[in-house]
Amino acid sequence: MAISFSSAPSYFWLNAWVLANIIELATQRFCDKYVAYDIDPGHRLYDQMTQAARSIRANIAEGSGRHDTSLETEMRLTDVAKGSAHELLGDFMNYMMRHSMTPWSSADPRYQHVVTFKLERPCYGEDFLGDAMRHITKQKSHFDVYLERGEAVDAANCLMVLCLKVIYMLTSMLTAQLRDFKQTGGFAENLTQTRIEAKRENAQAEGAPQCPICGKPMLRKTVMRGTRQGQLFWGCSGYPRCVGTREINDIKPK
């Protein structure tokens, strides 16, 4: 019996993910053509550039996949993708300086074409994997005049602008993610908060002492390291915001 998935993953709809795929494909092509053995005998530059490009795409996808379970993790992965885009931008800048290439000015029509081009909205059907690959290839074709049919200087310039473009997108995504996190948190964060509240309620029911600093009920905790490792103490249920503690004199560690 044939098995199929009904819809594309949510990140397939993100322009940042589509652009990250374009950057990855173009960087791989650039390195194949222009990062030659004579300037990169250990193949380290090739690996670093292609891995940085892969990291942008992979971390956008992984972060988006964590949206429903942990907004904090989503933000961290989006930030990793942004950092990788900055890393790749620096590699292309270094390549151009090393080869005495002239960067496009922001007023250059080529720069303006790349930076202002709006990606088309994808249309995914049941064959969404094939649809996504065709969509990415089509969007990349709009830049192929520089990436495929130009010289190294054209491809490097185009890729630098594309890196700037995806950095801007990821910055906007981070701003929106932080706003959502402040308002609602994520599943994991809310689950943790629910567990903390349950512990506080149980502590109050058991007659636990109040924190000497903030007045919240305290929880029985165990020293995890140091000379007192294994000993029990009262710790504030508001930790880490509050670090109040009390000694436990009537409880022996097991």
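Residues numbered from 1 in each chain as written. Predicted model: local features only at pLDDT ≥ 70, side-chain atom pairs only at ≥ 80, totals over all residues. Heavy atoms only, no water.

Structural notes on the confidence of the model for the protein chain
Detail in the predicted coordinates should be disregarded across regions flagged by low pLDDT. Defined as follows: pLDDT measures the predictor's confidence residue by residue and takes values from 0 up to 100. Here, residues are in contact when the closest pair of their heavy atoms is within 4.5 Å.
When the pLDDT values of the protein chain are averaged, the result is 86; 85% of them are 70 or greater. Every residue in residues 187–191 is under pLDDT 50, and counting partners more than four places away or in other chains gives 13 contacts. Overall, residues 250–254 carries pLDDT values under 50, and its contacts beyond four positions in sequence, including any with other chains, amount to 6 contacts.

Focus on the nonpolar core
Spelled out, the test is: Nonpolar cores are built from buried Ala, Val, Leu, Ile, Met, Phe, Trp, Tyr and Cys residues. Side-chain atoms within 4.5 Å join them into one set. Residue exposure (1.4 Å probe, protein chains only): buried if accessible area is under 20% of the type maximum, exposed if over 50%, otherwise partly exposed. Under the DSSP-based scheme used, a helix requires at least four consecutive residues in state H or I and a strand at least two consecutive residues in state E, with every element numbered from the N terminus.
Grouped together as the largest cluster of nonpolar side chains are 56 residues, with contacts concentrated most on Phe30, Ile56, Leu88 and Leu162. Of all the secondary structure elements, the ones that give two or more residues to this core are helix 1 (15–34), helix 2 (44–65), helix 3 (71–98), helix 4 (109–116), helix 5 (128–141), helix 6 (144–147) and helix 7 (152–183). Ranked by residues supplied to this core, first place goes to helix 7 with 14 residues. Not counting residues within four places of it along the chain, the set of residues in contact with Ile56 comprises Ala20, Ile23, Ala81, Ser84, Ala85, Leu88, Val166 and Leu170. Counting residues in each nonpolar core, the second largest holds 8 residues, with Ala208, Cys211, Trp234 and Cys236 among its members.

Focus on the pattern of salt bridges
Quick reminder of the rule: In what follows, salt bridge is the name for a side-chain nitrogen of Lys or Arg lying within 4 Å of a carboxyl oxygen of Asp or Glu.
Tallied over the full model, the rule gives 11 salt bridges. As a salt-bridge pair, Lys140 and Asp144 come within 2.8 Å of each other at their nearest N and O atoms. Taken individually, Lys140 and Asp144 each receive the classification buried, so the pair is uniform in this respect. Sharing partners across several salt bridges, the network here consists of Arg29, Lys140, Asp144 and Glu148.

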